[in-house]
Each structure stands twice: as C-alpha cells, then as structure tokens.
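One-letter residues, chain by chain:
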Amino acid sequence: MSIEILNESDYELDVENLALLARFVMDEMRVHPLAELCIKAVDEETIAELNEHWMEKEGPTDVLAFPMDELRPGLVNEELEEGVLGDLVLCPVIAERQGETAGHGTVAEIELLTTHGILHLLGYDHAEPEEHKEMFGLQAELLQRWRSRAQG
C-alpha cells in the first residue's frame with residue numbers, strides 16, 4: 001500500500017500515526033494492498049480555494065476527498081481491485097478548532113477526518129439520512145477499533 005503524506009501546513013502532524021491509521025482503515029475496508037493514497041495537509045486559504053473550485057462552496061472546510069479510480073470496499077472471497085484510491089486534503093487548523101469544540105482534541109479530530117475522507121474515497125456519502133447513518137456508523141466503528149488496537 002502506498003500512502004503519501006504531504007504536510008504543506010504550518011501545523012506539526014504526526015505523519016507516522018496518520019499513515020498507520022490510513023493503512024488500518026484501508027485494510028479494514030479490504031482495499032487492495034497496492035492501492036495508492038495521498039493525504040495532504042494544507043492551510044485554511046488553500047482548502048478554501050480548493051473547496052470553491054471543486055465543490056463550488058465558499059470558505060474553508062475540514063477535509064476534501066478526491067477519488068481517482070473509484071475503488072470500492074472489497075468483499076470476502078472476491079479479488080480486490082488495484083488502483084489509486086485518491087487524494088485527501090485536510091486542514092489541521094480547522095481540525096484543531098473542531099476538536100476543541102467536540103471536546104476530543106486535535107489528534108482525534110484529524111483521525112476522524114482521515115477516516116471520514118477515506119470512506120468518501122470508497123464511495124460512501126451522507127447526503128441522505130440512510131447514507132448518513134451508514135457512513136457515520138462505520139466511521140465510529142473503525143475509529144473505535146483503531147483506538148482500542150492502539151491502546152492494546
């Protein structure tokens with residue numbers, strides 16, 4: 001699995017932990033072991049420009065997902081599809097604010113956004129109530145397994 005992490009923000013990221021989390025989520029979702037993912041951390045101005053250009057929304061956001069080869073979660077006893085999962089763009093400054101507001105801190109928020117973004121890359125969405133329930137339930141389950149594994 002190729003996971004590239006580029007920190008173009010002024011925020012000090014734990015790149016190793018982020019790569020381990022991304023690999024964990026991709027493994028749990030049965031993504032091909034040779035799939036590629038790029039995670040880029042940027043400042044508010046950069047993510048606001050990307051958000052406006054690609055999503056036609058004004059202002060900065062926390063995470064943007066840009067799927068490439070439209071890979072989907074693998075099924076048991078099914079050959080996994082190789083390819084490029086896509087790019088995630090995170091804004092650590094926004095994650096810091098959101099983590100404070102949520103009461104779980106910046107690292108937990110960055111983990112949440114990374115997991116959320118990977119699920120988007122795998123085709124999950126939350127526009128409709130049923131999709132929201134499925135995606136956020138899966139996100140919570142993955143994060144819980146990640147954290148219990150990290151503590152164990």
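Rules behind the numbers
- Residues numbered from 1 in each chain as written.
- Predicted model: local features only at pLDDT ≥ 70, side-chain atom pairs only at ≥ 80, totals over all residues.
- Heavy atoms only, no water.
- Salt bridge = Lys/Arg side-chain N within 4 Å of Asp/Glu carboxyl O.
- Helix = DSSP H or I, 4+ residues; strand = E, 2+ residues; numbered from the N terminus.
- Buried < 20%, exposed > 50% of the residue type's maximum accessible area, 1.4 Å probe, protein only.
- Core = buried A, V, L, I, M, F, W, Y, C linked by side-chain atoms within 4.5 Å.
- Contact = heavy atoms within 4.5 Å.
- Pairing = 2+ DSSP bridges.
- Axes fitted to C-alpha atoms, helices over the stretch in contact; angles between N-to-C directions.
- Polar contact = N/O pair within 3.5 Å; in protein donor to acceptor, adjacent residues only side chain to side chain.
- Phe/Tyr/Trp six-rings, centres within 6.5 Å; stacked < 30°, edge-to-face > 60°.

## Quick notes on the pattern of salt bridges
Two side chains with opposite charge may pair up if their charged atoms get near one another. Scanning the entire structure with this criterion turns up 5 salt bridges. Two residues, arginine 145 and glutamate 141, come together in a salt bridge whose shortest N-O distance is 2.7 Å. With arginine 145 and glutamate 141 both in helix α5 (residues 129-151) and 4 residues apart, this pair spans about one turn of that helix. Classification of arginine 145 by relative accessible area gives partly exposed; the value is 29%. Taken together, the shared-partner salt bridges connect Glu28, Glu141 and Arg145 into one network.

## Observations concerning the nonpolar core
The nonpolar side chains of soluble globular proteins are, as a tendency, buried together. In this structure, Met26, Met29, Leu37, Ile39, Leu85 and Ile118 are the most contacted members of the largest nonpolar core, which totals 32 residues. For this core, the element with the highest residue contribution is helix α1 (residues 15-28), accounting for 6 residues. Sequence-distant contacts of leucine 37, defined by excluding residues within four places in its chain, comprise Ser2, Ile3, Glu4, Ala22, Met26, Leu85, Gly86, Leu88, Ile118 and Leu121. Within the second largest apolar cluster, 7 residues are counted, among which are Val42, Leu64, Cys91 and Ile94.

## Some details on the sheet that holds strand β1 (residues 2-7)
Here 4 strands make up an open sheet; going across it, the order is β1-β2-β4-β3 and the pairing mixed. Sheet topology places β1 and β3 (63-67) at the edges, where each strand pairs with a single neighbour. Each adjacent strand pair in this sheet contributes to an overall mean axis angle of 15°, direction not counted. Sheet topology places β3 next to strand β4 (residues 84-90); 5 bridges connect them, and they run antiparallel. When the bridges of β4 are listed, valine 63 appears paired with leucine 90.

## Some remarks on the side chain of threonine 114
Structurally, threonine 114 is set in helix α4 (residues 105-121). Every residue in contact with threonine 114, bar those within four places of it in the chain, is listed here: Leu18, Leu21, Ile39, Leu88 and Leu90.

## What about the environment of serine 148?
Here serine 148 is to be found in helix α5. In this structure serine 148 comes out as partly exposed when scored by relative accessible area, which is 38%. At 3.1 Å, the side chain of serine 148 forms a polar contact with the backbone oxygen of arginine 145.

## Overview of the environment of histidine 104
In this fold, histidine 104 is placed in the loop between α3 (92-102) and α4. Apart from the residues lying within four places of it in its own chain, the contact partners of histidine 104 are Gly99, Glu109 and Leu112.

## Looking at the packing of aromatic side chains
What the rule picks out here adds up to 2 aromatic pairs. When the centroid spacing of 6.0 Å and the interplanar angle of 75° are considered together, the rings of tryptophan 54 and phenylalanine 66 count as edge-to-face. Linking tryptophan 54 in helix α2 (residues 44-55) with phenylalanine 66 in strand β3, this pair joins segments that are 12 residues apart in sequence. Owing to a relative accessible area of 53%, tryptophan 54 belongs among the exposed residues under this scheme. With relative accessibility at 18%, the residue phenylalanine 66 sits in the buried group.

All quantities given are derived from atomic positions and should not be read as evidence of function.
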